[in-house]
Amino acid sequence: MRIVKLPTKTINNQEIMRALALRSKIQSLAIFLLAGLLYAEKKPEEQDGYDKSKDVGLKAPKGAEVLFDGTMDSVRKNWEMWPKKAMEITWKIMDNPNGKGKTLMTDGGKRWGTHDLVTKKKYSDYEGHVDFIMMGARGDGKPDGYSNSGVYMQNRYEIQIESPKGKNIKDPYNWKIGGHGIAAFCMDRVPDRNAWRPNGQWHAFHFILKDAKWEGDKKVANARATVWWNGIKVHDNAEIKKANGGIKVTSSPGGLKLQEHGQDVRFRNVWIVDQSK
C-alpha cells in the first residue's frame, strides 16, 4: 500500500498570537453583547440605587412651600413671567394626560427665553421637587415628538428637559446623554446615569442646591447640587458653575424657573423647602 503524505503547514508564533488575539476579541464582543442584553431598556425602578422616595409623586413635607397646587391661583400667587415680569401669565392649566388632576403647561412662545415662568421668591439654599411630563408638539393630542424645557436653579443653573433626537429615538435607554440632554446641567455637567422614561409618562427631578460661597462679590467656591432623576441619583454633590438663559452667576439669590421652549411640557407637584440661612 502506498502512503500519500499530505502537505503540512508550520504554524509560527506570530500566527498563534494572532489566533489568540482574535479569540480574545470574540470573547470580549460576546461579553459586551450579553451585558447589553442584560442591562438594555432598564427602567429606573429596575436599576441599582433606585430610591422611590425621590421619584414621581413625592409629597411636599411639612414646612415646604407648595408653588403649584393644580390651580391658577397658586400660579398667580407664586410665579411671574420671565424675562418681562409685567407680562400676563401665558401658561395654561391642563388636564393630566396620564391620570387624574391638573397640570401647568408651558405656553406663549415659539422659542426659548421669551415666556418662561419664575418664582417671585428668591432662594439661595434649598431642597425641592418637580414632576414633569413631555408631550411632544403642542395641540396634536399625542405625546410623540420632540420636547424641550428646563428647570433652573436660582434662575441660573439649568437642569435640562429634553427628549432624544436622531438615532437615540430608537434606543433612548442606552442614550449616552450629552451636555444638552435630559438631566444634564446644561452645557456644564452630564448626568451620571440614564433614568429615561418615554414621552407621555411622568418624570421627576428632586434636587438639593447649595449656593456658591462668596466673599463680598467674589466667588470663592462653586455652587453644588445633588439631583435625582426618576429616583436615580444622577448628580452627587456636584460642582455647577455655568449660568444659562442670559444671566450671570452672582451672589444674589434667584428664583426657581421653568422654561418655555415651544413644545408641550407639563408640570405638577412643584415645591421647595427653603434652607437659606
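Residues numbered from 1 in each chain as written. Predicted model: local features only at pLDDT ≥ 70, side-chain atom pairs only at ≥ 80, totals over all residues. Heavy atoms only, no water.

Let us look at the pattern of salt bridges. Applying the stated criterion across every chain yields a total of 17 salt bridges. For the salt bridge of D107 with K92, the shortest nitrogen-to-oxygen distance reads 2.4 Å. A residue pair is termed long-range when its members are at least 10 positions apart, and D107 in the loop between β4 (102-105) and β5 (116-119) and K92 in strand β3 (residues 92-95) qualify at 15 residues. (Salt bridge = Lys/Arg side-chain N within 4 Å of Asp/Glu carboxyl O. Helix = DSSP H or I, 4+ residues; strand = E, 2+ residues; numbered from the N terminus.)

Below, the discussion takes up the environment of M134. Along the chain, M134 falls in strand β6 (residues 126-134). On the accessibility criterion, M134 (0% relative accessible area) is buried. Once the C-alpha coordinates of M134 and I161 are considered, the two residues, 27 residues apart in sequence, prove to be 8.4 Å apart. Apart from the residues lying within four places of it in its own chain, the contact partners of M134 are P143, S147, I161, E162, S163, I182, W196, N199, G200, H203, D264 and V265. (Buried < 20%, exposed > 50% of the residue type's maximum accessible area, 1.4 Å probe, protein only. Contact = heavy atoms within 4.5 Å.)

In a soluble, globular protein the nonpolar side chains are often hidden away together inside. Counting residues in each nonpolar core, the largest one holds 43 residues, and the members touching the most others are V151, M153, F205, F207, L256 and F267. Non-local contacts of F205, meaning those with residues more than four positions away in its chain, are made with G128, H129, V130, F132, V151, I159, Q160, I161, I182, A183, W228 and W229. (Core = buried A, V, L, I, M, F, W, Y, C linked by side-chain atoms within 4.5 Å.)

Okay, the layout of surface pockets next. Quantified by volume, the second largest pocket comes out at close to 190 Å³. Considering the residues around the second largest pocket, the lining is formed by D144, G145, Y146, S163, P164, I169, P172, Y173, W196, P198 and N199. Tallied by class, residues from the lining of the second largest pocket come to 7 nonpolar, 3 polar and 1 charged. (1 Å grid on protein atoms, 1.4 Å probe; cavity = no way out; pocket = protein on both sides within 12 Å on 5 of 7 lines; lining within 4 Å. Points joined across faces, edges and corners; volume = space filled by probe spheres on them. Nonpolar A, V, L, I, M, F, W, Y, C, P; charged D, E, K, R; others polar.)

Applying the stated rule across the entire model yields 5 aromatic pairs. With 5.6 Å between their ring centres and 65° between their planes, Y123 and Y126 make a pair best called edge-to-face. Residue Y126 is classed as buried on the basis of its relative accessible area of 0%. One aromatic cluster is present, built from ring pairs that chain together Y123, Y126 and F207. The side chain of K54 reaches across the aromatic face of W228, ending 5.0 Å from its centre. Positioned above the aromatic ring of W202, the side-chain terminus of R268 is 4.0 Å from the ring centre. (Phe/Tyr/Trp six-rings, centres within 6.5 Å; stacked < 30°, edge-to-face > 60°. Lys NZ or Arg CZ within 6 Å of the ring centre and 35° of its normal.)

Further remarks concern the side chain of N155. Among the secondary structure elements, N155 is positioned in the loop between β7 (148-153) and β8 (157-162). Since its relative accessible area comes to 7%, N155 is described here as buried. Here N155 is in contact with W82, V118, N244, I247, G254, G255 and K257, once residues within four sequence places are set aside.

Let's shift gears to the confidence of the model for the chain. For the chain, the average pLDDT comes to 89, and 85% of its residues sit at 70 or higher. Below pLDDT 50 for its whole length, residues 27-39 participates in 1 contact with residues either more than four positions away or in separate chains. (pLDDT = per-residue confidence, 0-100.)

The next point concerns unusual backbone geometry. Cis geometry marks the peptide bond from W82 to P83, where omega comes out at 15°. Here P83 shows up in the loop between β2 (79-82) and β3. Phi is positive for Q154, which is not a glycine, with a value near 55°. As for its position among the elements, Q154 is in the loop between β7 and β8. On the accessibility criterion, Q154 (1% relative accessible area) is buried. Its identity is not glycine, yet M187 carries a phi of approximately 60°, on the positive side. Relative to the helices and strands, M187 is located in the loop between β8 and β9 (202-210).

Attention now moves to the pairing of strand β12 (residues 223-229). Of all 7 residues making up β12, 6 are buried, and the element is well covered by its neighbours. In this structure, β9 lies alongside β12, joined through 6 bridges in antiparallel fashion. Counterpart to I208 in the pairing with β12 is T226. Linkage of β12 to strand β13 (residues 232-240), two consecutive antiparallel strands, is achieved through a turn of 2 residues, within which N230 is found at a positive phi near 55°. (Pairing = 2+ DSSP bridges.)

Turning next to the sheet that holds β5. One open sheet holds the 5 strands; their spatial order is β2-β5-β14-β7-β8, and the pairing between them is antiparallel. Of all the strands in the sheet, just β2 and β8 have a single pairing partner and so form its edges. Here 2 bridges tie β5 to strand β14 (residues 257-258), and the two strands are oriented antiparallel to one another. Each residue of the ladder has a partner; that of L117, found in β14, is L258.

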